[in-house]
Amino acid sequence: MMLFKPVILAFSSLIDKELPKGEKINNRYVIEEFLGMGSYGYSYLVYDSFLGRKVVLKMVRFHKRITKKGIRVHQYEIEILKSLQHPSFPAIFDEGMWGTVPFFTMEYVHGKTFEQLIFIEGQRFTEEEALAYGLKLLERMEYLHNKGIVHRDLRIPNIMLEDNDVRVIDFGLAKWLSDTDNKKRELKSEISPQSDYFQLGHFLLFLLYSNYETNGMEKERPWDEELSLSLKTNKLIKRLLQIDKPFETINELKQCYLEACIKREE
Ligand SMILES: Nc1ncnc2c1ncn2[C@@H]1O[C@H](COP(=O)(O)OP(=O)(O)O)[C@@H](O)[C@H]1O
Ligand SMILES: [Mg+2]
């Protein structure tokens, strides 16, 4: 078993060749661009000749296809996306098999991820802007939690900005809050609302750090010293990250969040 996994992984990367532009899948989807490779799948921008529009096609990687767990993760993502009817999440269009490869297609979000905005476009966010985008993310999160879903991967490559709307993608790690969980997990991957709260704290820090200037000579200091944030924002982030008293409910979190926003306006 010890040897098995590395061998399978090596084999998997040989088999999982990135599909070339122009390749047609099931006589319907034409590959236009490779978008990314995550832990369980590949995402492509494709032209759906049936719908006559661009969509995103996500397929399971080889080494995940041969394990029950890999297939279950894929099924979960489909099931959760199907349960969402909200313009901030991608609509799911089709699911099927390409030979032995399970895939699904979803709406293409015409925007950039916050990772692209910060690290490629060099966009900077003020504290006020960071709080405003974070508030939108909080609203999306509240919708998910009300549906009994915890996303568990609210990182900047999975949060997109499209026409000033914050859209959440990648439900590959999402779970139902009712799922039983016997594993001992870190806070960021717990099956609890607090794991998403924690990621919201990190989202805010990424946006806030976009504005941080350093000459590279200074010694690194903790974020609450490097960023000169208002007291209320500081408090909010510390509670999200559970450095200070964790939020027990979303209402408690919302109240503290709005106070941080109001404080900025004074
Ligand atoms: N619906 C979508 N619309 C636009 N871009 C997408 C969409 N889904 C995924 N992407 C892009 O592809 C990347 C990888 O897809 P993602 O679903 O996050 O899978 P993973 O992180 O498991 O590879 C994203 O970071 C994003 O840049
Ligand atoms: Mg992702």
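Rules behind the numbers
- Residues numbered from 1 in each chain as written.
- Chains lettered and ligands numbered in written order.
- Predicted model: local features only at pLDDT ≥ 70, side-chain atom pairs only at ≥ 80, totals over all residues.
- Heavy atoms only, no water.
- Donors = N, O, S within 2.8 Å, 3.2 Å for Na, K, Ca; no water.
- Helix = DSSP H or I, 4+ residues; strand = E, 2+ residues; numbered from the N terminus.
- Near = heavy atom within 4 Å.
- Polar contact = N/O pair within 3.5 Å; in protein donor to acceptor, adjacent residues only side chain to side chain.
- Areas by Shrake-Rupley, 256 points an atom, 1.4 Å probe, with all protein chains shown as cover.
- Nonpolar A, V, L, I, M, F, W, Y, C, P; charged D, E, K, R; others polar.
- Domains from an automatic or database assignment.
- Contact = heavy atoms within 4.5 Å.
- Buried area = accessible area lost by both parts, 1.4 Å probe.
- Salt bridge = Lys/Arg side-chain N within 4 Å of Asp/Glu carboxyl O.
- Expected span 1.5 Å × (residues − 1).
- Buried < 20%, exposed > 50% of the residue type's maximum accessible area, 1.4 Å probe, protein only.
- Core = buried A, V, L, I, M, F, W, Y, C linked by side-chain atoms within 4.5 Å.
- Pairing = 2+ DSSP bridges.
- Axes fitted to C-alpha atoms, helices over the stretch in contact; angles between N-to-C directions.
- Parallel < 35°, antiparallel > 145°, perpendicular 65-115°, else oblique.
- Left-handed = near helix turned anticlockwise from the far one by under 90°.
- Phe/Tyr/Trp six-rings, centres within 6.5 Å; stacked < 30°, edge-to-face > 60°.
- Lys NZ or Arg CZ within 6 Å of the ring centre and 35° of its normal.

(A) Here's a closer look at the coordination of the magnesium ion (ligand 2). Around the magnesium ion (ligand 2), the protein contributes the donor atoms N158 (OD1) and D170 (OD), at 2.1 to 2.2 Å from the metal centre. Of the two residues, N158 is situated in the loop between strand 8 (149-150) and strand 9 (159-162) and D170 in the loop between strand 10 (165-168) and strand 11 (175-176); the sequence distance between them amounts to 12 residues.

(B) Just the site of ligand 1, in detail. In the vicinity of ligand 1 there are 16 residues, among which G38, E107, V109, P157 and D170 approach most closely. For ligand 1, an oxygen atom lies 3.0 Å from a polar atom in the side chain of N158. D170 places a polar side-chain atom, nitrogen or oxygen, 2.9 Å from an oxygen atom of ligand 1. Protein burial of ligand 1: of its 530 Å² of free accessible surface, 89% is covered by the chains. Elements with a minimum of two residues in the shell around ligand 1: strand 2 (29-37), strand 4 (53-60) and strand 6 (101-107). Residue composition of the shell around ligand 1, grouped by class: 9 nonpolar, 4 polar and 3 charged.

(C) Layout of the domain arrangement of the protein. The domains assigned to the protein are domain 1 (14-107) and domain 2 (112-261). Taking only C-alpha atoms, the centre of domain 1 and the centre of domain 2 are 27 Å apart. Counting residues at the interface gives 17 residues for domain 1, matched by 17 residues for domain 2. In total, about 1,500 Å² of surface goes out of reach between domain 1 and domain 2, with carbon and sulfur atoms giving 58% of it. Summed over the shared surface of domain 1 and domain 2, the result is 2 salt bridges. Across the pair D170 and K58 runs a salt bridge, and its minimum N-O distance is 3.1 Å. Connecting domain 1 to domain 2 are 11 residue pairs in polar contact (both at pLDDT 80 or more). With 6 residues, helix 3 (residues 68-82) is the largest single contributor of residues to the side of domain 1 that touches domain 2.

(D) Region of the structure containing helix 6 (residues 193-209). The terminal C-alpha atoms of helix 6, which comprises 17 residues, lie 25 Å apart, in line with the 24 Å expected from a rise of 1.5 Å per residue. In terms of burial, helix 6 is largely enclosed, as 13 of its 17 residues are buried.

(E) Spotlight on the nonpolar core. By size, the foremost hydrophobic cluster in this structure holds 56 residues, and its most contacted members are F114, F171, F203, L236 and Y257. There are two domains that each give this core at least three residues, and those are domain 1 (14-107) and domain 2 (112-261). Not counting chain neighbours up to four residues away, the residues in contact with F171 comprise E77, I80, L81, L84, F89, L144 and H151. Core analysis: the second largest hydrophobic core is formed by 12 residues, Y29, L57, M59 and F103 among them.

(F) Highlighting the sheet that holds strand 7 (residues 112-113). Strand order in this open sheet of 3 strands is 7-9-10, and the pairing throughout is antiparallel. Edge positions in the sheet fall to strand 7 and strand 10, since each of these pairs with one other strand and no more. Contacts between helix 5 (residues 127-146) and the sheet are confined to strand 9 and strand 10, with strand 10 contributing the most and set at about 45 degrees to the helix.

(G) Looking closely at the packing of helix 6 against helix 8 (residues 231-240). In contact at an axis separation of 8 Å, helix 6 and helix 8 are set at 135 degrees when each is read in the N-to-C sense. It follows that helix 6 is oblique to helix 8 by the angle criterion. You can see that helix 6 and helix 8 cross each other, and the crossing is left-handed. Listed contacts from helix 8 to Y197, F198, L200, G201, L204, L205 and L208 of helix 6 are L236, I237 and L240. Across the contact of helix 6 with helix 8, the residue classes tally to 9 nonpolar, 1 polar and no charged.

(H) Local environment of the packing of aromatic side chains. Scanning all chains against the criterion turns up 12 aromatic pairs. Summarising the aromatic geometry, the rings of F125 and Y133 are spaced 5.8 Å apart at their centres and angled 85 degrees between planes, so their arrangement reads as edge-to-face. Just as F125 is buried, Y133 falls in that class too. Here the aromatic rings of Y209 and Y212 are separated by 5.4 Å at their centres, their planes lie at 80 degrees, and the arrangement is edge-to-face. By relative accessible area, Y209 is classed as partly exposed at 26%. Cluster of aromatic residues (ring-pair linked, three or more members): F114, F125, Y133 and F203. Over the ring of Y76 we find K175, and its NZ or CZ is 5.1 Å from the ring centre. For K238, the ring lying beneath its charged end belongs to W223, and the centroid distance is 6.0 Å.

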